[in-house]
Amino acid sequence: MKVRIDEVSESIQIIRAAVTRLPEGPHRAPAQPIPPGRCALSAVEGWRGEIVHWVRTGEGNCLERCKVKDPSINNWPAIVEAVEGNIVADFPVINKSFNLSYSGRIGSAMFKILQKSFRVGTATADYPRLAPRVAEQFRGCPEFDFAAWSDARPAAEACPTGAIAIRDRDGARQVTVDYGRCIFCGECEAASTDGAVKMSRQFELAATARRDLVLTADYTLRPDGSHAGLKSATSGPAVEEPGMRIARPSKISSGARSRLGRWMQAHATAASRRLLR
Ligand code: SF4
């Protein structure tokens, strides 16, 4: 919205600048007689892409045919692919994420969508009675093999939301994983080279108590800070011993916030590119 407002203000400035620099002389030229059967094509850049106008002249100095092609027409067929396998409730979100124009030749694209909908039939699954069917590329929550985890520091550093927190004291480390903060971004898997963190296709994390979303693991440490051995791994928040507070911030730290911003920017752009490919 802010970009649109900025664009309007920029456009007004451009128009004002152009008006003040108009050359002297008539601003309208009388139309000359144009022979019938002549065609003209123009393409100008619109904010969604290229807008094409095609005209053909007829008898009596009039236009006989006029065709306008909105840039959205190139992207409407992509919606047919994007909605596949999704439930009806997701359609408005998918549709609006393309932000296409309803003008121009959308009739045929909409017809194709309807055709496909009738062909596919009901896509909504009887969940939770039946096991959910998720897409191949679906990314769920990360799973942690605490025993095999050789060092939690890279994952905690990479985690953009602060869902992984560590606290070291006297040669020991407490690691907490808070699924309540997790956005399933996969940065922890990429940062953990030992294969102990793996993104799963699991998404059913509903819990009746906040503490059920937290995992805690205790390690002994080597002098270089890597894990020497797993002492315990439990579900639930860490028990805070006197003098040892778990680094579990009540709000996202500024470092985590800027990592989250960078992550969202990079992945939102990549996702839109994938959709429009
Ligand atoms: S998936 Fe992302 S948000 Fe979740 S724990 Fe890993 S790095 Fe943090």
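No experiment lies behind these values; they were computed from the predicted model shown.

A. Spatial organisation of the site of the ligand. Around the ligand lies a shell of 14 residues, among which Cys159, Cys182, Cys185, Gly186 and Cys188 are the nearest. More than half of the atoms of the ligand fall within 2 Å of the grid points belonging to the largest cavity.

B. Molecular detail of helix H3 (residues 91–98). For H3, the complete set of buried residues consists of Ile94, Asn95 and Phe98. Within H3, the buried residues cover an arc of 95° as seen down the axis, which keeps them to one side. Looking one or two residues beyond H3, the residue adopting positive phi is Asn99, at roughly 55°.

C. Broad picture of the layout of surface pockets. Volume-wise, the second largest pocket comes out at about 420 Å³. Forming the boundary of the second largest pocket are 20 residues, of which Val83, Asn86, Val88, Ser117 and Ala123 lie nearest the centre. Elements with a contribution of two residues or more to the lining of the second largest pocket: H3 and helix H4 (107–120). It is H4 that contributes the most residues to the lining of the second largest pocket, six residues altogether. Considering only residue class, the lining of the second largest pocket consists of 11 nonpolar, six polar and three charged.

D. The arrangement of empty space enclosed by the protein in detail. Tallying each qualifying case throughout the model produces one cavity of 30 Å³ or more. Size it by volume and the largest cavity reaches roughly 90 Å³. Surrounding the largest cavity, 15 residues form its lining, Pro142, Cys159, Ala163, Cys182 and Cys188 being those nearest its centre. Each residue belonging to the lining of the largest cavity can be placed in one class, and the counts come to 13 nonpolar, two polar and no charged.

E. Local environment of the pattern of salt bridges. Taken as a whole and assessed by the stated rule, the structure comprises nine salt bridges. The closest approach of N and O atoms between Asp6 and Lys2, which form a salt bridge, is 3.4 Å. Of this pair, Asp6 and Lys2 are both found in helix H1 (residues 2–20), four residues apart, which corresponds to roughly one turn of the helix. Under the relative-accessibility criterion, Lys2 is labelled exposed at 61%. Residues Asp168 and Arg173 are paired through a salt bridge, measuring 2.6 Å at the closest nitrogen-oxygen approach.

F. Structural view of the packing of helix H2 (residues 72–82) against H3. Look at H2 against H3: their axes get within 10 Å of each other, and the N-to-C directions meet at 150°. When the axis of H2 is compared with that of H3, the two are roughly antiparallel. Classified by chirality, the crossing of H3 by H2 is right-handed. Every residue of H3 that contacts H2 at Asn75, Trp76, Ala78, Ile79 and Ala82 is listed here: Phe91, Ile94, Asn95 and Phe98. Looking at the contact of H2 with H3, its residues break down into seven nonpolar, two polar and no charged.

G. Main features of the pairing of strand S6 (residues 172–178). A large share of S6 lies buried, amounting to seven of its seven residues. Relative to S6, strand S5 (residues 164–169) is paired through six bridges, and the arrangement is antiparallel. What sits directly across from Ile164, in S6, is Val177. Note: S6 against strand S8 (residues 214–221), seven bridges, orientation antiparallel. What sits directly across from Thr176, in S8, is Thr216.

H. Representation of the sheet that holds strand S3 (residues 63–69). Taken in spatial order, the three strands make up an open sheet running S1-S2-S3, and their pairing is antiparallel. A strand with exactly one partner marks an edge of an open sheet, and here the two such strands are strand S1 (39–45) and S3. Sheet twist, expressed as the average angle between the axes of neighbouring strands with direction ignored, equals 15°. Of the pairings in the sheet, the one linking S1 to strand S2 (residues 50–57) comprises seven bridges and is antiparallel in character. Within S2, the residue paired with Val44 across the bridge is Ile51.

Cut-offs applied
- Residues numbered from 1 in each chain as written.
- Predicted model: local features only at pLDDT ≥ 70, side-chain atom pairs only at ≥ 80, totals over all residues.
- Heavy atoms only, no water.
- Near = heavy atom within 4 Å.
- 1 Å grid on protein atoms, 1.4 Å probe; cavity = no way out; pocket = protein on both sides within 12 Å on 5 of 7 lines; lining within 4 Å.
- Sits in = over half its atoms within 2 Å of the grid points.
- Buried < 20%, exposed > 50% of the residue type's maximum accessible area, 1.4 Å probe, protein only.
- Helix = DSSP H or I, 4+ residues; strand = E, 2+ residues; numbered from the N terminus.
- Arc of directions from axis to C-beta.
- Points joined across faces, edges and corners; volume = space filled by probe spheres on them.
- Nonpolar A, V, L, I, M, F, W, Y, C, P; charged D, E, K, R; others polar.
- Salt bridge = Lys/Arg side-chain N within 4 Å of Asp/Glu carboxyl O.
- Axes fitted to C-alpha atoms, helices over the stretch in contact; angles between N-to-C directions.
- Parallel < 35°, antiparallel > 145°, perpendicular 65-115°, else oblique.
- Left-handed = near helix turned anticlockwise from the far one by under 90°.
- Contact = heavy atoms within 4.5 Å.
- Pairing = 2+ DSSP bridges.

Without other data, these values stay purely geometric and don't point to any function.
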